Number of protein chains: 2
Amino acid sequence: MQNYSVAELLEAKNILQEIQIKGWVKTFRSNRFIALNDGSTIKNIQCVIDFDSTPEEVLKLITTGAAIEVKGVLVESQGKGQNVEIQVSEIVVLGASNPEEYPIQPKKHSMEFLRENAHLRIRTNTFSAVMRIRSVLSFAVHQYFINNGFYYFHAPIITGSDAEGAGEMFSVSTLNKKNPPLTESGEIDFKEDFFGKETNLTVSGQLEAETYAMALGKVYTFGPTFRAENSNTSRHLAEFWMIEPEVAFNDLDANMDLSEDFIKYILTYILEHCKDDLEFLEKRLLDEEKSKPAAERSELALRDKLKFVIDNNFKRVSYTEAIEILKNSKPNKKKKFKFPINEWGADLQSEHERYLVEKHFKSPVILFDYPANIKAFYMRLNDDGKTVRAMDVLFPGIGEIIGGSQREERLEVLKEKIQELGIDEKELWWYLDLRKFGTAVHSGFGLGFERMVQFATGMSNIRDVIPFPRTPQSAEF
Amino acid sequence: MQNYSVAELLEAKNILQEIQIKGWVKTFRSNRFIALNDGSTIKNIQCVIDFDSTPEEVLKLITTGAAIEVKGVLVESQGKGQNVEIQVSEIVVLGASNPEEYPIQPKKHSMEFLRENAHLRIRTNTFSAVMRIRSVLSFAVHQYFINNGFYYFHAPIITGSDAEGAGEMFSVSTLNKKNPPLTESGEIDFKEDFFGKETNLTVSGQLEAETYAMALGKVYTFGPTFRAENSNTSRHLAEFWMIEPEVAFNDLDANMDLSEDFIKYILTYILEHCKDDLEFLEKRLLDEEKSKPAAERSELALRDKLKFVIDNNFKRVSYTEAIEILKNSKPNKKKKFKFPINEWGADLQSEHERYLVEKHFKSPVILFDYPANIKAFYMRLNDDGKTVRAMDVLFPGIGEIIGGSQREERLEVLKEKIQELGIDEKELWWYLDLRKFGTAVHSGFGLGFERMVQFATGMSNIRDVIPFPRTPQSAEF
């Protein structure tokens, strides 16, 4: 007896004698037909059992969610809907699943209910499809960078550096919370803490990645990052995975090329490797959108949206040009934007980004050369003295999906900026060292992985594209 | 002018006109020969400049660590030690590196000094070799699992569950440390904390991975995990990366097969993909060991040690057999073990594990069926009632490199164990659900990634195989 997976059997070209398979019952109908799934694919294999020769007490245990082992022969299917099926000669129920108690019944559950049962929601078609795509997308990320001569850099998660300022941080400590040690002046004595100093969870691995890029040339991170912001939205997680490539000698143009090439590669990869799961999610999304007013429905089906990104050149537009376009746009004139665009310097909101992508250019857009004062301290100052070499990649339906920049490589300019912002130079001594010793032009960007999974799967809430989401007031499991 | 990397040029078969390359100066001798490196390989390319036509002020800036751009022609080398070299027609110093200040001079630095300069140590041959191998090894991990039908599962980093008990945990919080909110009874009011409950950094993603294995079939984690233990040793980090596969329907034998196959794959992969870096590190290790007494030197060179693991069948031995062997061993009888083995039930130390691998069996060893009371609560109890289906994979020079088990799939047995240990069932409601609904035999293991990188690179201190190590009293950068 050889063991097979559902995926293997569905691809089998011949009749197979003496097969064995283990999985979970999705449905059981007419006391004869078991739809069996083992997670290897979204598709089930039909197992046909002989009602008469199967004991009553076994039949009773064949319910949704039960783990079973089946032996038999793989044959061409007599029925519709599948090419092959298993004629079962032996069935063993490994683990029952009491239908009175099992939460995941073959019916529609609310997303909120499934979030409360995040340990079981992976047993639904939707979540298994999403998480398989998440896995394939992860692999595509690694494959892309490794194929292109990058090295994977593991950025530290616990950090003693708080200069990055990308957001609120979580504190990490082993101090007694109720009676923390105090200094003579009555402050918390962090010398007594595990690391001998105040530490937090990282908000970005970029600064550390720069140290590696300036020696290995091309590196990327792919790891968890954290924001302690009280944002209860469908776009924010307190814990999420981020991808941050960083490349020595790349200027902003090369950085744009990299971002476009990278995105197109990973989306092409899943179109090729996740056909069944994407097909399922595309249908799901169409169903979901039927209940929406026509104006809120997507113009494109899921896979067409991926192809839209793959097939179009990303339109590269300066921030200044974009402001002109937005200022003169219909929705701005008709006061349809929630945040009207009146002048240069405004921070763009998702509604503006989506207008540029979906209405004006009808292609993904890369905006660049943003006002210095709305961007981070490490971005390279342009000669105009007021813009920096920042870039944001904008997507349909989402807005910003990537933020990046050419980094300020000039020691004096960087020092001035740090001083202006009141950051202590000592905090960044090692970052400044990169500009002291063998400095060079370099660039990179950050991509919030879950945003990309959302885009690739069409899931509307970011909590549904990560196995166990962490959000304000919620860290179950 | 086309841009090349050092790796590309060293592999070029022909003379190349009009090439351009950017990198950092490793050494500059006789005012003529620059050894240039860009991180793409451990090897440098020799750039020959025309002393007479190069301005004095440029020559002065060509010092170790300086970033330069070079244009010229790739030709066959006239000198020894390299096949090709660049005849430089133009050189630009992009970023100087003051030799009076630059810490990374072409000489031997102490490892401690390099740790204090972890942002620059990657510019040394040793660290660039180690970190390139780390990257390739990471990719091999992903490739192995994806090729074998696994899905990559991102385990949560912040966890509200503290039942795993694998070690001391770091607390994660946004509460005001000096004046935390208190409940009426004077305890910390965690309802006011970000997640509305007490949360910590994960020590293992296994329990969560089990929830996914029981739906997707085969999953693996590869992410950071944490231990807040005050262990200042060359084998412990407070933050390290762990790999944890988990497979539905696998029993312990299949789990052993998986661990052996997996290890052999990733080590074979780096032997094939990291030839130059391994060769360098092998020489380095030989040099390092020259200063040691003969008895402490490794019997095998670095790559031979990798081949030793690849070429030998892992010997599978029960704990009970191992205790007999150890009890009757020479070092035990001669009282050479620091922890003498007197009776069944003893927890094995590194010295015992190494004896079994290096002296007795002369092959990697998998020990299995350990006493229940020295292993974790979730391991499957054997019919003898006193041992569990645990396994440890033991390596030469290291001892335990993998720990795993078949998991207890029987609800009642697991509940009893939890009760015995005084764990609140409510804490593990979701874990118990897996045994209530469609339970099945399943198994998995954990591999501390840095231990494997240590083995693969021959580095004696674990702090030197992760970019920015976190250890007691140290979280710099």
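Residues numbered from 1 in each chain as written. Chains lettered and ligands numbered in written order. Predicted model: local features only at pLDDT ≥ 70, side-chain atom pairs only at ≥ 80, totals over all residues. Heavy atoms only, no water.

Per an unreviewed UniProt entry, chain A is named Asparagine--tRNA ligase, and its organism is Lutimonas vermicola. Word for word, the UniProt comment on chain A under Subcellular location (unreviewed entry) is "Cytoplasm". UniProt, in the comment section headed Sequence similarities (unreviewed entry), describes chain A in these words: "Belongs to the class-II aminoacyl-tRNA synthetase family." (UniProt positions renumbered as here; feature names shortened; annotations may be inferred.)

Asks: What is the right way to read the packing of aromatic side chains from this model?
Replies: Two measures describe an aromatic ring pair: the distance that separates the ring centres and the angle between the ring planes. Under the criterion given, the structure shown has 61 aromatic pairs over all chains. Both rings, one in Tyr144 of chain B and one in Tyr265 of chain B, keep their centres 5.3 Å apart while their planes meet at 55 degrees; by these two values the pair is tilted. Of the two residues, Tyr144 of chain B is situated in helix α4 (residues 125–147) and Tyr265 of chain B in helix α6 (residues 252–273); the sequence distance between them amounts to 121 residues. Lys386 of chain A extends its terminal NZ or CZ atom over the ring of Trp344 of chain A, reaching a point 4.2 Å from the ring centre. Across from the ring centre of Tyr431 of chain A, 4.1 Å away, lies the NZ or CZ of Arg435 of chain A, which sits over that ring. (Phe/Tyr/Trp six-rings, centres within 6.5 Å; stacked < 30°, edge-to-face > 60°. Helix = DSSP H or I, 4+ residues; strand = E, 2+ residues; numbered from the N terminus. Lys NZ or Arg CZ within 6 Å of the ring centre and 35° of its normal.)

Asks: Would you explain the interface of chain A and chain B in this entry?
Replies: Frequently, the measure chosen for interface size is the accessible area that the parts lose on association. At the interface, 108 residues of chain A touch 109 residues of chain B. Buried surface at the junction of chain A and chain B, summed over both partners, amounts to about 8700 Å²; 65% is from carbon and sulfur atoms. The largest per-residue losses of area from chain A upon contact with chain B belong to His154, Lys177 and Phe437 of chain A, which jointly make up 9% of the total buried on that side. Counting across the chain A and chain B interface gives 4 salt bridges. Across the salt bridge formed by Glu187 of chain B and Lys178 of chain A, the nearest N and O atoms sit 3.0 Å from each other. Where chain A meets chain B, there are 35 residue pairs in polar contact (both at pLDDT 80 or more). Examining the composition of the side of chain A that touches chain B, we find that 10 residues originate from one element, helix α4 (residues 125–147) of chain A, more than from any other. Pairing of strand β9 (residues 171–173) of chain A with strand β9 (residues 171–173) of chain B, which is carried by 3 bridges, proceeds in the antiparallel orientation. (Contact = heavy atoms within 4.5 Å. Buried area = accessible area lost by both parts, 1.4 Å probe. Salt bridge = Lys/Arg side-chain N within 4 Å of Asp/Glu carboxyl O. Polar contact = N/O pair within 3.5 Å; in protein donor to acceptor, adjacent residues only side chain to side chain. Pairing = 2+ DSSP bridges.)

Asks: Any chance you could explain the sheet that holds strand β11 (residues 218–226) of chain A here in plain terms?
Replies: In sheet architecture, strand pairing relies on hydrogen bonds along the backbone and comes in two forms, parallel and antiparallel. Residue and element names in this part refer to chain A. Taken in spatial order, the 8 strands of this open sheet run β7-β11-β12-β17-β16-β15-β14-β13, and their pairing is mixed. Only two strands of the sheet have a single neighbouring strand rather than two, namely β7 (151–152) and β13 (315–318). Two strands pair when backbone bridges link them, and strand β15 (residues 387–395) and strand β16 (residues 399–406) are joined in this way by 6 bridges, in the antiparallel orientation. Bridge pairing in β16 places Phe395 opposite Gly399.

Asks: What exactly am I supposed to notice about the relation of the copies chain A and chain B here?
Replies: The two chain copies are related to each other by a rotation about an axis together with a translation along it. Overlay of chain A on chain B (RMSD 0.0 Å): rotation 180 degrees, translation along the axis 0.0 Å. Look at the turn and shift together and you get a two-fold axis relating the two. Among all residues of chain A, the one whose C-alpha sits closest to the rotation axis is Val172 of chain A, at a distance of 2.5 Å. Taken as a fraction of all interface residues of chain A, those also at the interface in chain B reach 100%, which identifies the copy contact as same-surface. (Least-squares fit on C-alpha atoms with pLDDT ≥ 70 in both.)

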